[in-house]
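Residue-level structure breakdown
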Amino acid sequence: MESSAISATALTCNFSTRQRRSSAPPRRAIACHRDVKRRTGDPFCARGNRTIPAKTLLSQNAPEPPLSSDSRICICGRRHFLEASGAALLPIVPVNANASSSSDPMVVINKFRPQRPRWYEEFYALEMAQSMGSFEKEVAGYMTELFSHLKGEDLKVLELGIGTGPNLKYYAGGSGLTVVGLDPNEQMAKYATAASIEAGLPSSRFNFIRGVAEALPLTDGSMDAVVGTLVLCSVSNVAMSLKEVKRVLKPGGLYLFLEHVAASDGTALRFFQSILDPLQQAVSDGCHLTRETGKEISKTGFSELNINSAMLSKFSLICPIVYGVACK
């Protein structure tokens, strides 16, 4: 599972951590520096500006924000993943054999994500392309911090739930970097491809493939990094998806994440999230408001983990968020 030696890349893991579970250090040129300087004023959780041990997490301890009139239901379109395009230089296989006995990718996709009508997928892709701008602006600082850990040449990066490609601009400047964008909605492909061109990624360095996070169509230990933002809220099985992330990472590879999670128990926000969660799932392509995704990430068994919590000022229903870096 944790096979293959890693290409000589200087993939930098610039974070502090107190969680180590692994044995031998990974055979790769990866420097895990112990220090991440957070910006003054970041709305971290009540424990203050420090690394939170994974097992004592986190999201339920974030301060309760005031409910504002511009609160709205999340339309997290960037979801689990993947269209068909098998580029020769990428280790793409039809499906993960452990997830399904079928060799038909659509059977695997439909197993975890019931098929939507084409008109719905087209409408949803258009909605994502037009409506997520304000959210992207608010989390831009966190995203810049996360992507600063991707350093090196010839990196292979998998982005889960690529959607319309809002994160592709953060890959700009990567030397020889190859991005595999995964999404179950094939209508996202045209938007993601346009975003990759705008970001300056050569067409040979970006591939959109269709599939789901619970059964990634990639070989073991084939990715230097996996990126997932607003994805685990809408997968059918969070634990299985995280297991797949770990499977496709090379030893020492990084998982960069930003997810919205449930508010603290007993708060007004958590009450409203619970009430609106069924409606949210119906109108937002399966997105859940009450998942404790940070805790799920902490249980996955990464060798090192840095995870932080923050509140957003404008998006009350999809608060708090957790973001961070995990190292296989």
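Counting restarts for each chain: residues are numbered from 1 in the order of the written sequence. For this predicted model, a pLDDT threshold of at least 70 governs which residues receive local features, and a threshold of 80 or more governs which side-chain atom pairs are given and counted, while totals over whole chains, interfaces and linings are taken from all residues. In computing side-chain properties, one takes all heavy atoms of the structure into account and sets aside hydrogens as well as water.

Per an unreviewed UniProt entry, the recorded name for the protein chain is Methyltransferase type 11 domain-containing protein, and the organism is Aristolochia fimbriata.

1. Comments concerning helix H1 (residues 105-112)
We count it as follows: Relative accessibility thresholds used throughout: buried, under 20% of the residue-type maximum; exposed, over 50%; partly exposed, between the two (1.4 Å probe, protein chains only). Runs of E in the DSSP output that reach at least two residues are strands. Runs of H or I that reach at least four are helices, and both are numbered from the N terminus. Of all possible arcs, the one meant is that of the directions from the helix axis to the C-beta atoms. Every residue pair with non-hydrogen atoms within 4.5 Å of one another is taken to be in contact.
Of all the residues in H1, the buried ones are Val108, Ile109 and Phe112. Within H1, the buried residues cover an arc of 100° as seen down the axis, which keeps them to one side. Where H1 is buried, its residues contact strand E3 (206-210) and helix H6 (238-248).

2. Let's talk about the pairing of strand E2 (residues 178-183)
Residues in a regular strand point their side chains to alternate faces of the sheet. Here is the rule we go by: At least two DSSP bridges between two strands are required for those strands to pair. By convention, orient the strands away from the viewer: a clockwise path from the first strand over the helix to the second makes the crossover right-handed.
Taken across its 6 residues, E2 has 6 buried, putting it largely inside the fold. Along E2, one buried face is formed by Thr178, Val180 and Leu182 and the opposite face, lined by Val179, Gly181 and Asp183, is buried too. As paired elements, E2 and E3 share 5 bridges and run parallel to each other. Counted as the bridge partner of Gly181 is Phe208 from E3. As for the winding sense of the linkage, the β-α-β connection from E2 through helix H5 (residues 189-198) to E3 is right-handed.

3. Details of the pattern of salt bridges
Where we set the bar: Whenever Lys or Arg places a side-chain nitrogen within 4 Å of a carboxyl oxygen from Asp or Glu, that contact is recorded as a salt bridge.
Inspection of the entire model under this criterion finds 12 salt bridges. Note that Glu121 is salt-bridged to Arg113, the shortest N-O span being 2.9 Å. Comparing Glu121 with Arg113, the two get one shared label, buried. Asp265 serves as the salt-bridge partner of Arg270, at 2.9 Å between the closest nitrogen and oxygen. Counted as one network, the salt bridges with shared partners bring together Arg113, Arg116, Glu121, Glu186, Arg210 and Asp285.

4. Considerations on the sheet that holds strand E6 (residues 304-310)
Note the cut-off: The angle between two axes is taken between their N-to-C directions and runs from 0 to 180 degrees, where each axis is a line fitted to C-alpha atoms and a helix contributes only its stretch in contact.
The mixed open sheet is built from 7 strands, whose spatial order is E3-E2-E1-E4-E5-E7-E6. Both edges of this open sheet fall to E3 and E6, since each of them pairs with a single strand only. The mean angle between the axes of side-by-side strands here comes to 15°, regardless of whether they run parallel or antiparallel. When strand E4 (residues 223-229) meets strand E5 (residues 249-260), the two strands line up parallel, connected through 6 bridges. Within the sheet, the bridge partner assigned to Ala225 lies in E5 and is Leu254.

5. Some words on the confidence of the model for the protein chain
Basically, it comes down to this: pLDDT is a per-residue confidence score from the predictor, ranging from 0 to 100.
Per-residue confidence for the protein chain averages 76 on the pLDDT scale, and 68% of its residues sit at or above 70. When the criterion is pLDDT under 50, residues 1-14 qualifies, and its contacts beyond four places in sequence or with other chains add up to 55 contacts. A low-confidence stretch, residues 94-101 stays under pLDDT 50, and its non-local contacts, those more than four residues away or across chains, total 15 contacts.

6. Concerning unusual backbone geometry
Omega for the bond connecting Cys319 with Pro320 falls within 30 degrees of zero, at -5°, which places this linkage in the cis form. Counting through the fold element by element, Pro320 comes out in the loop between E6 and strand E7 (321-327). Look at Leu230: it is not a glycine, yet its phi comes out positive at around 50°. Along the chain, Leu230 turns up in the loop between E4 and H6. Assessed through its relative accessible area of 1%, Leu230 is described here as buried.

7. Topic: the environment of Ala140
Tracing the sequence through the fold places Ala140 in helix H4 (residues 140-147). With 30 residues separating them along the chain, Ala140 and Tyr170 place their C-alpha atoms 9.5 Å apart.

8. What to know about the packing of aromatic side chains
Which entries qualify depends on this criterion: In this scheme Phe, Tyr and Trp rings, the latter by its six-membered ring, pair at centre separations within 6.5 Å, and the angle between planes marks the pair as stacked below 30 degrees, edge-to-face above 60, and tilted otherwise.
Evaluated as defined, the whole model comprises 8 aromatic pairs. Between Phe147 and Tyr170 the ring centres are 5.2 Å apart and the planes differ by 20°, which places this aromatic pair in the stacked class. One end of the pair, Phe147, is in helix H4; the other, Tyr170, is in the loop between strand E1 (156-160) and E2, and 23 residues separate them in sequence. Considering the side-chain rings of Phe147 and Tyr171, the 5.0 Å spacing of their centres and the 90° angle between planes classify their relative orientation as edge-to-face. Of this pair, Phe147 sits in helix H4 while Tyr171 sits in the loop between E1 and E2, and the two are 24 residues apart along the sequence. Aromatic ring contacts, followed pair by pair, group Trp119, Tyr120 and Tyr124 into a single cluster.

9. A look at the nonpolar core
To keep it simple, the criterion reads: By convention a nonpolar core is built from buried Ala, Val, Leu, Ile, Met, Phe, Trp, Tyr and Cys residues, the set being connected through side-chain atoms within 4.5 Å.
Phe135, Tyr142, Val157, Leu168, Tyr171, Leu258 and Leu312 are the most contacted members of the largest nonpolar core, which totals 48 residues. Taken together, the elements giving at least two residues each to this core come down to helix H2 (118-131), H4, H5, E3, E4, E5 and E7. Once residues within four sequence positions are removed from consideration, Val157 is found in contact with Leu150, Tyr171, Leu177, Thr178, Val179, Val180, Met223, Ala225 and Val227. Formed by 27 residues, the second largest nonpolar core is a distinct cluster that contains Leu232, Leu249, Ile297 and Ile307.

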